[in-house]
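# Understanding the architecture of this molecule
Residue strings, one per chain:
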Amino acid sequence: MRGSWAFDLCNLLITGMTVEDRRTHERSLLAGYRARLFSRGVTPPAAEVMWRDYARHALWSFMWTMCPVSAHPETICTLNSERACAAIVDLGSLDA
């Protein structure tokens with residue numbers, strides 16, 4: 001389905017990595033993603049626009065974690081919620 005790249009990348013990085021690993025690697029992973037788009041003939045947004053969109057879409061990662069525990073075990077929902085909240089604070093998502 002069509003949608004924003006930032007939605008998918010945020011969900012992957014924010015819920016798929018520990019908070020420390022995300023903090024350490026998210027800028028280089030985002031830059032690598034952007035470079036890969038270029039190598040495939042896609043003209044991505046400017047780096048600062050991509051970073052802003054990444055910060056904004058971190059809010060969706062939190063919304064995604066508010067699923068019923070019948071969809072995912074409570075421990076997974078709790079872990080993903082903690083990771084999403086840390087990302088929202090780290091990225092200044094509410095201000096973005």
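Residue indices follow the written sequence of each chain, beginning from 1 at its first position. Only residues with pLDDT of at least 70 get local features here, since the model is predicted, and only at 80 or more are side-chain atom pairs given and counted; chain-wide, interface and lining totals rely on the full set of residues. Calculation of side-chain values draws on the structure's entire complement of heavy atoms; hydrogens and water are dropped beforehand.

Before going further, it helps to examine the overall build of the chain. The helix and strand inventory of the chain stands at four helices and zero strands. For the purposes of this entry, the term helix denotes a DSSP run of H or I that reaches at least four residues, the term strand denotes a run of E that reaches at least two, and both are numbered from the N terminus. Helices (α) and strands (β) of the chain occur, in sequence order from the N terminus, as α-α-α-α. The principal-axis extent of the C-alpha atoms belonging to the chain is close to 40 × 30 × 25 Å. The buried label applies to any residue whose accessible area, calculated with a 1.4 Å probe on protein chains only, is under 20% of its type's maximum; exposed applies above 50%, and partly exposed to all values in between. Looking at the chain residue by residue over its 96 residues, the buried ones come to 34%. A separation threshold of at least 6 residues defines the contact pool for the chain, and within that pool the share at least 24 residues apart is 66%. The method behind every accessible area is Shrake-Rupley, applied with a 1.4 Å probe, and residues are considered shielded solely by the protein chains displayed. Accessible area of the chain: about 6,100 Å², with a carbon and sulfur share of 60%. Residues scored as charged are limited to Lys and Arg (positive) and Asp and Glu (negative), so that His and the chain ends carry no count. Each charge is placed at NZ for Lys, CZ for Arg, CG for Asp and CD for Glu. Side chains of the chain give 10 positive and 10 negative charges; the mean places of these two sets differ by 10 Å. Any two residues whose heavy atoms approach within 4.5 Å are treated as being in contact.

A separate point is the pattern of salt bridges. A carboxyl oxygen of Asp or Glu within 4 Å of a side-chain nitrogen of Lys or Arg is what we treat as a salt bridge. Scanning the model with the defined rule gives four salt bridges in all. The closest approach of N and O atoms between R22 and E26, which form a salt bridge, is 3.2 Å. On the criterion of helical spacing, the pair formed by R22 and E26 is a turn pair, its members being four residues apart in helix α2 (residues 19-39). Of the two residues, R22 and E26, neither departs from the other in class, the shared state being buried. Between R22 and D90 there is a salt bridge; the shortest N-O distance is 2.5 Å. With R22 in helix α2 and D90 in helix α4 (residues 74-91), this pair connects stretches of sequence that are 68 residues apart. Relative accessible area serves as the criterion here: at 0%, R22 is assigned to the buried category. Connected via shared salt-bridge partners are R22, R23, E26 and D90.

What follows deals with helix α3 (residues 47-65). One less than the residue count of a helix, multiplied by 1.5 Å, gives the span that helix is expected to have. In a regular helix each residue adds 1.5 Å, so 19 residues correspond to 27 Å; α3 covers 27 Å between its end C-alpha atoms and thus fits that length. By the largest-angle criterion, R56 marks the main kink of α3, which is about 25°. Taken residue by residue, α3 has M50, W51, D53, Y54, A55, H57, A58, S61 and T65 as its buried positions. Where α3 is buried, its residues contact α1 (5-16), α2 and α4. One axis fitted to the seven residues ending at a residue, another fitted to the seven starting there: the angle between these axes is the bend at that residue.

Turning to the packing of aromatic side chains, a few remarks are in order. The criterion for an aromatic pair is that two Phe, Tyr or Trp rings (for Trp, the six-membered ring) have centres within 6.5 Å, with stacked assigned to planes under 30 degrees apart, edge-to-face to planes over 60 apart and tilted to the rest. Taken as a whole and assessed by the stated rule, the structure comprises three aromatic pairs. Considering the side-chain rings of F7 and W60, the 6.4 Å spacing of their centres and the 70° angle between planes classify their relative orientation as edge-to-face. Separated by 53 residues along the polypeptide, F7 in helix α1 and W60 in helix α3 bring together distant segments of the chain. Residue F7 is classed as partly exposed on the basis of its relative accessible area of 31%. The interplanar angle of 40° and the centroid separation of 5.3 Å between the aromatic rings of W51 and Y54 together place this pair among those described as tilted. With W51 and Y54 both in helix α3 and three residues apart, this pair spans about one turn of that helix. Each member of the pair, W51 as well as Y54, is classed as buried.

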